[in-house]
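# Remarks on the overall topology
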There are 2 protein chains.
Amino acid sequence: MNSQEENILKSLPHKTIERLSQYRRALLFCFDEGKTHIFSHEIARILHITPVQVRRDLMLIGYSGTLRKGYNIQELIDLISTIIDSHEVMNVAIVGMGDLGRALVNYVKGKRHKLAIVAGFDNNPDKIGTVVADIPCYSIERLSKMIREKNIQIGIISVPRSYTTDIAAKLVEAGIKGILNFTPKPVNVPDHIYLEEYDMLTSLEKVAFYVKVSQEKEKSE
Amino acid sequence: MNSQEENILKSLPHKTIERLSQYRRALLFCFDEGKTHIFSHEIARILHITPVQVRRDLMLIGYSGTLRKGYNIQELIDLISTIIDSHEVMNVAIVGMGDLGRALVNYVKGKRHKLAIVAGFDNNPDKIGTVVADIPCYSIERLSKMIREKNIQIGIISVPRSYTTDIAAKLVEAGIKGILNFTPKPVNVPDHIYLEEYDMLTSLEKVAFYVKVSQEKEKSE
DNA sequence: TATTCATTGTTAATTAAATAACAATACAAA
DNA sequence: TTTGTATTGTTATTTAATTAACAATGAATA
Ligand SMILES: NC(=O)c1ccc[n+]([C@@H]2O[C@H](COP(=O)([O-])OP(=O)(O)OC[C@H]3O[C@@H](n4cnc5c(N)ncnc54)[C@H](O)[C@@H]3O)[C@@H](O)[C@H]2O)c1
Ligand SMILES: NC(=O)c1ccc[n+]([C@@H]2O[C@H](COP(=O)([O-])OP(=O)(O)OC[C@H]3O[C@@H](n4cnc5c(N)ncnc54)[C@H](O)[C@@H]3O)[C@@H](O)[C@H]2O)c1
């Protein structure tokens, strides 16, 4: 990849990156259903956004459709993949193989060529040695060694809240490059590590808030 | 609630609503640790945002701290609660009691006074009749009836992808007011229903993308 | 062949969100 | 008492994201 292409990548808005992932997911399903082409307004409708937004994003990544047929699904999937996927497979570990850990492993399994969960870690002897969706679960003791051996670059944290800080520190120490934290305890990591946190309670409370507001509006009308 | 207060609620930026949920979560933990007051820069540090952002959000909801002690944690928790929580308890149902469903039920249980998951639904006879974190799992057949009976206003979807559309339709038909969809299949709902969708693959792909970009930067240096 | 039409691609404008700037304050220390 | 300092609260500015506007296109149709 030359430095011009690199600059395109770095200049893409964060929100566009998120949508590219969503576009690809939607396109893959359309492709499976036998569709070959798709219009911007069709993509927009699936994802609850505007057609202009779709076209603008595709403009940013330099993709052109055809005037009467729209976008070639296969081509667009491939282009998005060259942009958001890494060149080599990116290996992922998940720490905490409880309910959430299992859900994630099962969900991600086989979905993406360039993204592979290759190891789970837990401290519960009942979990250690088990296999979920072909992914072996190792003792947390082996975390650092395995991360280096298997060239794991991303760590997902799904342990109980009280262990979050400790696990994050272990991942950082082991040389991880990115962390996805699903526990309700925010973590602090050095700047060179990309961190993403998500808590479903915030989503749920957001839904509850807007439901409440719309109800109060109704009442007052 | 008078219409002036109502207008404040409606004018709050969406991002502020999300952060209010995060502030409260962080504040609750600080409170549990015995802290009584907190500065804007402390909140900011926990949540990886700027102190100005925190102060601005608190200004929007009309809360004032004191100059030398910062914000009273208890007071702030209470104020945020009056803003984002509903007056009466808001009841929630979760459809699909698999790994993800269980993780969510366990996580939400007892966390919020005004938000209660009161029912799970599934179509698997092995799941029907079971109880997870005190929440009974009912047959999907009874969805509509139970939603009305128990005054359930929010539905969480965590069934396999192929059933998403069907479940969403059932929830809408039963008169649900808000939907939180965790499946990778986006749903369409009428305008008066508040919809929130989240897919962890997008978060993971985002992490992978920024890890890739930072690696390419390193290489080219 | 000329016209209509739906669609794309792109620039311009708008809106939303975040940040900077700074006055006001109140306490601590000199 | 005065000065210095850390912090809040708020307005102004900047940046990011979205939406609007519209020319260009090219296939379908008259
Ligand atoms: N972000 C979200 O949307 C969301 C949703 C649900 C749950 N959660 C959070 O995710 C986490 C996991 O939830 P869950 O329902 O899977 O819990 P769980 O108890 O089912 O699983 C936790 C797992 O972590 C393991 N573990 C505990 N300490 C460990 C350690 N020191 N090292 C390695 N493994 C350890 C346990 O043995 C267990 O297998 C919790 O923090 C929970 O609050 C987040
Ligand atoms: N958004 C995310 O972050 C995320 C993460 C993991 C999984 N997922 C998705 O969440 C969903 C659930 O994942 P999981 O790992 O819990 O799967 P799972 O198979 O463990 O659970 C699905 C449950 O739904 C039940 N079910 C199936 N059809 C049903 C129907 N018609 N009515 C009611 N119940 C029905 C099944 O019996 C099962 O109990 C899947 O769509 C998965 O792709 C999302």
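### Regarding the overall build of chain A
Within chain A, the secondary structure is distributed over nine helices and nine strands. Principal-axis analysis of the C-alpha atoms places the extent of chain A at approximately 60 × 60 × 35 Å. Here chain A holds 221 residues, and 51% of them are scored as buried. Here the contacts in chain A between residues at least 6 apart in sequence split such that 57% fall between residues at least 24 apart. Roughly 10700 Å² of accessible area belongs to chain A as shown, and the carbon and sulfur atoms make up 52% of that amount. On chain A, the mean spot of the 29 positive side-chain charges and the mean spot of the 27 negative ones are 3 Å from each other.

### Let's talk about the protein's contact with DNA strand D
Inspection of the region around DNA strand D gives 23 residues, with Leu67(A), Arg68(A), Ser40(B), Ser64(B) and Gly65(B) positioned closest. Each atom of DNA strand D within 4 Å of the protein was classed as base or backbone; sugar and phosphate made up 60%. Contact distances for DNA strand D include 2.6 Å between a phosphate oxygen and a side-chain N or O atom of Ser40(B). For the surface near DNA strand D, the elements supplying multiple residues, two or more each, are α2 (14-32) and α4 (51-60) of chain A together with α3 (40-47) and α4 (51-60) of chain B. Considering only residue class, the surface near DNA strand D consists of eight nonpolar, eight polar and seven charged.

### Focus: the site of ligand 2
Close to ligand 2 lie 25 residues, the nearest being Leu100(B), Asp122(B), Lys127(B), Val159(B) and Phe182(B). This site is not confined to one chain, since residues near ligand 2 come from chains A and B. In this structure, an oxygen atom belonging to ligand 2 sits 3.4 Å away from a main-chain N or O atom of Arg161(B). In the complex, the protein chains occlude 86% of the 850 Å² of accessible area that ligand 2 would expose alone.

### Looking at the packing of α2(A) against helix α9 (residues 200-220) of chain B
Remark: α2(A) packs on α9(B), axes separated minimally by 9 Å, with the N-to-C direction vectors making an angle of 125°. When the interaxial angle is binned, α2(A) and α9(B) end up oblique. Remark: the crossing between α2(A) and α9(B) carries right-handed chirality. Of the residues in α9(B), those touching α2(A) at His14(A), Ile17(A), Glu18(A), Ser21(A), Gln22(A), Arg24(A) and Arg25(A) are Leu201(B), Thr202(B), Glu205(B), Lys206(B), Phe209(B) and Tyr210(B). Its residues placed into classes, the contact of α2(A) with α9(B) shows four nonpolar, four polar and five charged.

### Digging into α4(A)
Residue and element names in this part refer to chain A. Those residues of α4 that sit buried are Val 54, Asp 57 and Leu 58. Projected down its long axis, α4 shows its buried positions confined to an angular sector of 95°, all on one face. Residues of α4 that are exposed and point over 90 degrees away from its buried face: Val 52 and Met 59. Turning to α4, the residues buried within the fold contact α2, α3 (40-47), β2 (71-72) and α5 (73-84).

### Brief notes about the sheet that holds strand β6 (residues 135-139) of chain A
Residues and elements named next belong to chain A. Ordered in space as β5-β6-β4-β3-β7-β8-β9, the seven strands form an open sheet in which the pairing is mixed. Two strands lie at the open edges of the sheet, namely β5 (131-132) and β9 (194-197), each paired on one side alone. Bridge count between strand β4 (residues 115-122) and β6: three bridges; the pairing is parallel. Directly across from Phe 121, in β6, lies its bridge partner Tyr 138.

Criteria and thresholds
- Residues numbered from 1 in each chain as written.
- Chains lettered and ligands numbered in written order.
- Predicted model: local features only at pLDDT ≥ 70, side-chain atom pairs only at ≥ 80, totals over all residues.
- Heavy atoms only, no water.
- Helix = DSSP H or I, 4+ residues; strand = E, 2+ residues; numbered from the N terminus.
- Buried < 20%, exposed > 50% of the residue type's maximum accessible area, 1.4 Å probe, protein only.
- Contact = heavy atoms within 4.5 Å.
- Areas by Shrake-Rupley, 256 points an atom, 1.4 Å probe, with all protein chains shown as cover.
- Lys, Arg positive; Asp, Glu negative; His and termini not counted.
- Charge placed at Lys NZ, Arg CZ, Asp CG, Glu CD.
- Near = heavy atom within 4 Å.
- Polar contact = N/O pair within 3.5 Å; in protein donor to acceptor, adjacent residues only side chain to side chain.
- Nonpolar A, V, L, I, M, F, W, Y, C, P; charged D, E, K, R; others polar.
- Axes fitted to C-alpha atoms, helices over the stretch in contact; angles between N-to-C directions.
- Parallel < 35°, antiparallel > 145°, perpendicular 65-115°, else oblique.
- Left-handed = near helix turned anticlockwise from the far one by under 90°.
- Arc of directions from axis to C-beta.
- Pairing = 2+ DSSP bridges.

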